[in-house]
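# Topology and contacts: notes
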Amino acid sequence: MFGSKKMDIIEDKYGLSIKFSWFTPIAIFLAFFCVAWNSFLIFWYAMAGGMGASWIFFLFPLIHVAVGIGLSYHTLCLFFNKTYIDVDDQHLAIRHTPIPWWKGNINLLVDELDQVFVKQTKHRNKNGHSNYTYILSAQLKNGSIKNLLDI
């Protein structure tokens, strides 16, 4: 077994297992941001309800409510979720747990796979610094390419 705080890799006679933690320090900032964002919305609706405001005061912030729910969900995933990639003689499986993720889990038969590869994309910020993103993809025997995981 080798790895880091964020990733554990185990290779044995049964196959390959990789466990990847989603946590990053930005999750702490996002948690405080979500509390402030959602608290304001609760305050807004409490005030509008207490004043007997018209329907527009309840309808207007609905996009903000959706953002608050989505960002809170994502932040909870950053704190708790781990991704498991398991490969054996028969399957390649990717699971996100304990909180379900919108991209879902993937289970492919090895017989369907032609190749598994990682695509690296370089991004430059306005200060000239570079950072990279990676996409784990599979080329299937039918010629199609399936993106499996964004890293």
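Look a little higher up for the structure.
Residues numbered from 1 in each chain as written. Predicted model: local features only at pLDDT ≥ 70, side-chain atom pairs only at ≥ 80, totals over all residues. Heavy atoms only, no water.

### Considerations on the overall build of the protein
A count of helical and extended segments in the protein gives three helices and nine strands. Starting at the N terminus and ending at the C terminus, the protein contains elements arranged as β-β-β-α-α-α-β-β-β-β-β-β. Taking 151 residues into account, the globule formula puts the C-alpha radius of gyration at 15 Å, and the protein, at 21 Å, lies well above it. Overall size of the protein, expressed as C-alpha extent along the three principal axes, is 65 × 35 × 30 Å. The contacts in the protein between residues at least 6 apart in sequence include a share of 39% that link residues at least 24 apart. In the structure as shown, the protein presents an accessible area of about 10,800 Å², 65% of it carried by carbon and sulfur atoms. Taken as two groups, the 13 positive and 10 negative side-chain charges of the protein have centres that lie 15 Å from each other. (Helix = DSSP H or I, 4+ residues; strand = E, 2+ residues; numbered from the N terminus. Rg over C-alpha atoms; globule rule 2.2 N^0.38 Å. Contact = heavy atoms within 4.5 Å. Areas by Shrake-Rupley, 256 points an atom, 1.4 Å probe, with all protein chains shown as cover. Lys, Arg positive; Asp, Glu negative; His and termini not counted. Charge placed at Lys NZ, Arg CZ, Asp CG, Glu CD.)

### Concerning the sheet that holds strand 8 (residues 130–140)
Strand order in this open sheet of three strands is 7-8-9, and the pairing throughout is antiparallel. Only two strands of the sheet have a single neighbouring strand rather than two, namely strand 7 (113–124) and strand 9 (145–150). Here the strands of the sheet are splayed against their neighbours by 30° on average, with no regard to which way each runs. Pairing analysis gives 11 bridges linking strand 7 to strand 8, with the strands arranged antiparallel. Across the sheet, residue Arg124 finds its bridge partner in strand 8, namely Ser130. (Pairing = 2+ DSSP bridges. Axes fitted to C-alpha atoms, helices over the stretch in contact; angles between N-to-C directions.)

### Focus: the nonpolar core
Ile85, Ile94, Leu108, Leu113, Leu136, Ala138 and Leu148 are the most contacted members of the largest nonpolar core, which has 13 residues in total. For this core, the elements supplying multiple residues, two or more each, are strand 5 (91–97), strand 6 (106–109), strand 8 and strand 9. At three residues, the largest contribution of residues to this core is made by strand 8. Other than its neighbours up to four places away in sequence, Leu108 contacts Gln90, His91, Leu92, Leu113, Ala138, Leu140, Lys146 and Leu148. Core analysis: the next-biggest nonpolar cluster, separate from the first, contains seven residues, Ala27, Leu30, Ile99 and Trp101 among them. (Core = buried A, V, L, I, M, F, W, Y, C linked by side-chain atoms within 4.5 Å. Buried < 20%, exposed > 50% of the residue type's maximum accessible area, 1.4 Å probe, protein only.)

### A word on the layout of surface pockets
Roughly 580 Å³ of internal volume is contained in the largest pocket. Residue lining of the largest pocket: 26 residues in total, with Phe20, Thr83, Leu149, Asp150 and Ile151 positioned closest to the centre. Secondary-structure elements contributing two or more residues to the lining of the largest pocket are strand 3 (15–21), helix 3 (62–80), strand 4 (82–87), strand 5, strand 7 and strand 9. A per-class count over the lining of the largest pocket returns 17 nonpolar, five polar and four charged. (1 Å grid on protein atoms, 1.4 Å probe; cavity = no way out; pocket = protein on both sides within 12 Å on 5 of 7 lines; lining within 4 Å. Points joined across faces, edges and corners; volume = space filled by probe spheres on them. Nonpolar A, V, L, I, M, F, W, Y, C, P; charged D, E, K, R; others polar.)

By themselves, these figures tell us nothing about what the structure is for.
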